[in-house]
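# Topology and contacts: notes
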Amino acid sequence: MINPPKISKLTTEEKLLMGPGPSNIHPETSLAMSKPILGHLDPDFLRILDENQEMLRYVFQTKNTLTLPISATGSAGMETCILNLVEPGDTVLIAINGVFGARMKDVAERSGAKVETLTADWGSVFSLEEIEEGLKKFSPKVFGIVHAETSTGAQQPMEGLGALVHKYDCLLLLDCVTSLGGTKVLIDEWEVDAVYSGTQKCLSAPPGLSPVSFSQRAEEKMAGRKSKNRSWYFDLSMVKSYFGGERLYHHTAPINMNYSLHASLHEIVEEGLENRWKRHEKNHQILKAGLEALNIEFPVEEKYRLPQLNAVKIPEGVEDVKIRNRMLELHKIEIGSGLGAFKGKYWRIGLMGHTSRAQNVIRCLSALKECFLHFGYPVPEDPIEKAYRHL
Ligand SMILES: *Cc1c(COP(=O)(O)O)cnc(C)c1O
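Residues numbered from 1 in each chain as written. Predicted model: local features only at pLDDT ≥ 70, side-chain atom pairs only at ≥ 80, totals over all residues. Heavy atoms only, no water.

Next up on the list: the overall build of the protein chain. Across its full length, the protein chain carries 13 helices and 13 strands. In terms of overall dimensions, the protein chain is globule-like: its C-alpha atoms have a radius of gyration of 22 Å, near the 21 Å expected for 391 residues. For the protein chain, the C-alpha atoms occupy an extent of roughly 65 × 55 × 50 Å along the three principal directions. Here the protein chain, with 391 residues, has 57% of them falling under the buried criterion. Sequence separation of at least 24 residues holds for 73% of the intrachain contacts in the protein chain that already meet a minimum separation of 6. Accessible surface computed for the protein chain: about 17,500 Å², of which carbon and sulfur atoms make up 52%. Here the protein chain contributes 45 positive and 49 negative side-chain charges, whose respective centroids are spaced 4 Å apart. (Helix = DSSP H or I, 4+ residues; strand = E, 2+ residues; numbered from the N terminus. Rg over C-alpha atoms; globule rule 2.2 N^0.38 Å. Buried < 20%, exposed > 50% of the residue type's maximum accessible area, 1.4 Å probe, protein only. Contact = heavy atoms within 4.5 Å. Areas by Shrake-Rupley, 256 points an atom, 1.4 Å probe, with all protein chains shown as cover. Lys, Arg positive; Asp, Glu negative; His and termini not counted. Charge placed at Lys NZ, Arg CZ, Asp CG, Glu CD.)

Right, let's talk about the pattern of salt bridges for a bit. For the structure shown, the criterion picks out 21 salt bridges. Across the pair lysine 332 and glutamate 13 runs a salt bridge, and its minimum N-O distance is 3.4 Å. Here glutamate 13 lies in the segment before β1 (16-18) and lysine 332 lies in the loop between α11 (320-329) and β12 (333-337), a separation of 319 residues in the sequence. Exposure remark for lysine 332: the relative accessible area of 24% places this residue in the partly exposed category. Across the salt bridge formed by glutamate 301 and lysine 303, the nearest N and O atoms sit 3.7 Å from each other. Here the salt bridges do not stand alone but share partners, grouping Asp90, Lys141 and Lys221 into one network. (Salt bridge = Lys/Arg side-chain N within 4 Å of Asp/Glu carboxyl O.)

Attention now moves to the sheet that holds strand β3 (residues 91-96). The strand order across the open sheet formed by seven strands is β2-β10-β9-β8-β5-β3-β4, and the pairing between neighbours is mixed. Edge positions in the sheet fall to β2 (67-70) and β4 (114-119), since each of these pairs with one other strand and no more. Going across the sheet, the axis of each strand differs from the next one's by a mean of 20°, ignoring polarity. Contacts from helix α2 (residues 43-60) reach β2, β9 (194-196) and β10 (210-214) within the one sheet, and its direction differs from that of β2 by about 105°. (Pairing = 2+ DSSP bridges. Axes fitted to C-alpha atoms, helices over the stretch in contact; angles between N-to-C directions.)

Each assigned domain of the protein chain is listed with its residue range as follows: domain 1 (27-269) and domain 2 (272-388). Computed from C-alpha atoms alone, the centre-to-centre distance between domain 1 and domain 2 is 29 Å. Facing 32 residues of domain 1, the contacting portion of domain 2 comprises 22 residues. A buried area of about 2,100 Å², summed over both sides, lies between domain 1 and domain 2, and 66% of it is on carbon and sulfur atoms. (Domains from an automatic or database assignment. Buried area = accessible area lost by both parts, 1.4 Å probe.)

With respect to the secondary-structure elements, arginine 389 resides in the segment after α13 (383-388). Separated by 120 residues in sequence, arginine 389 and valine 269 place their C-alpha atoms 30 Å apart.

Moving on, we get to the packing of aromatic side chains. The tally for this structure, following the rule as stated, stands at seven aromatic pairs. Relative to phenylalanine 234, the ring of tyrosine 233 lies with its centre 5.2 Å away and its plane at 75°, an arrangement referred to as edge-to-face. Judged by its relative accessible area of 30%, tyrosine 233 falls in the partly exposed class. Judged by centre distance (5.8 Å) and plane angle (80°), the ring pair of phenylalanine 372 and tyrosine 377 falls under edge-to-face. Each member of the pair phenylalanine 372 and tyrosine 377 is classed as buried. Ring-pair connections join several aromatic residues into one group, and the members of that group are Trp122, Phe342 and Tyr346. (Phe/Tyr/Trp six-rings, centres within 6.5 Å; stacked < 30°, edge-to-face > 60°.)

The next subject is the sheet that holds strand β11 (residues 309-313). Overall, mixed pairing links the four strands, which are arranged β1-β12-β13-β11 in an open sheet. One side of each edge strand has no neighbouring strand; the edge strands of this open sheet are β1 and β11. The sheet shows a mean angle of 30° between the axes of neighbouring strands, taken without regard to direction. Here five bridges tie β11 to strand β13 (residues 346-350), and the two strands are oriented antiparallel to one another. Within β13, the position partnered with alanine 311 by the bridge is arginine 348.

On the surface, Trp232, Tyr233 and Met238 cluster together into a nonpolar patch covering about 290 Å² of accessible area. Position of methionine 238 relative to the elements: it lies in helix α8 (residues 236-243). Under the relative-accessibility criterion, methionine 238 is labelled partly exposed at 30%. (Patch = residues over 30% accessible without salt bridge, like charges linked within 9 Å, V, L, I, M, F, W, Y side chains within 5 Å.)

So this is what it looks like as structure tokens:
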């Protein structure tokens, strides 16, 4: 017999999550998780699923019938979109300007697609001209791009992109993991054919579900497949029979995760999408004013900055790890490190969903100031004084 391990009871401490996700969740969303579990075919649970789909259509701003939460994190939404849309041998074009575009390429390669790429500098975005050149050159069946690149804090402009992609008889795949529920996402107006998101960023639910949505065009491409989907778990032709009318068992839906999604989407419905976008923008402005007092700059051009993910340059001489450790240990605030090419040079300060509140911004700025003073780094102006003017 192996002896039982000596482990104390589960404890966690309340922390302010100002990294690239997960974000803090509303107390109602937390409580929702602890409601009594139901069977996955119980009519009471099926009603919750239906309402989740209805609320997701609102949040995505779409009438797409095929809109549902995949039972796994955002990356699973990425796999779902690619594995269903793409058949081996199809040409796929992926735009890469950060970590998540690169991940999309990796997933597309594993699907058996012939993958071509467009690249842009980290922190920048793609122009319609650059994209059109790629569409002309490679004639892809699917073009994939990240709307909110969490590794760089840049937001891809969407105006005209859907129409352009369709002109070349191609489908548009969009990563909205970090944008959904934080900044404007208009799936129908933008003519997006396949989109995936995640629950732990601006939707402010725990990680574990990935909302996806597919246009009529995408459904037609999937219906015309000649080969079987390489994934069993993510095969939408089966998954949708559970979400649709037939309620055929495919896999057991994560019941309590769907409760938390219901509560978090309900928060959004009550707040209103436009109010939510405005709130994210306002709190970003407060943070920005305060950070400037500490000589902390934004690498991304102002008009492309994501309000919910502030990628900022660590000032000369300031030690990344020292500050992040003190922020976490003393102030109980998590800020994100740089990812990939931005590691050690940038921080990523998230103001996502329920985290994006003025009191949290002020708490973060006060804590940063304390850390700077503690390590003897320059504090040229008082960040609170500067932030205060934007409250
Ligand atoms: C977080 C993130 C993902 C991956 O989501 P996981 O939930 O970590 O699997 C994909 N794309 C972007 C833009 C993200 O920010």
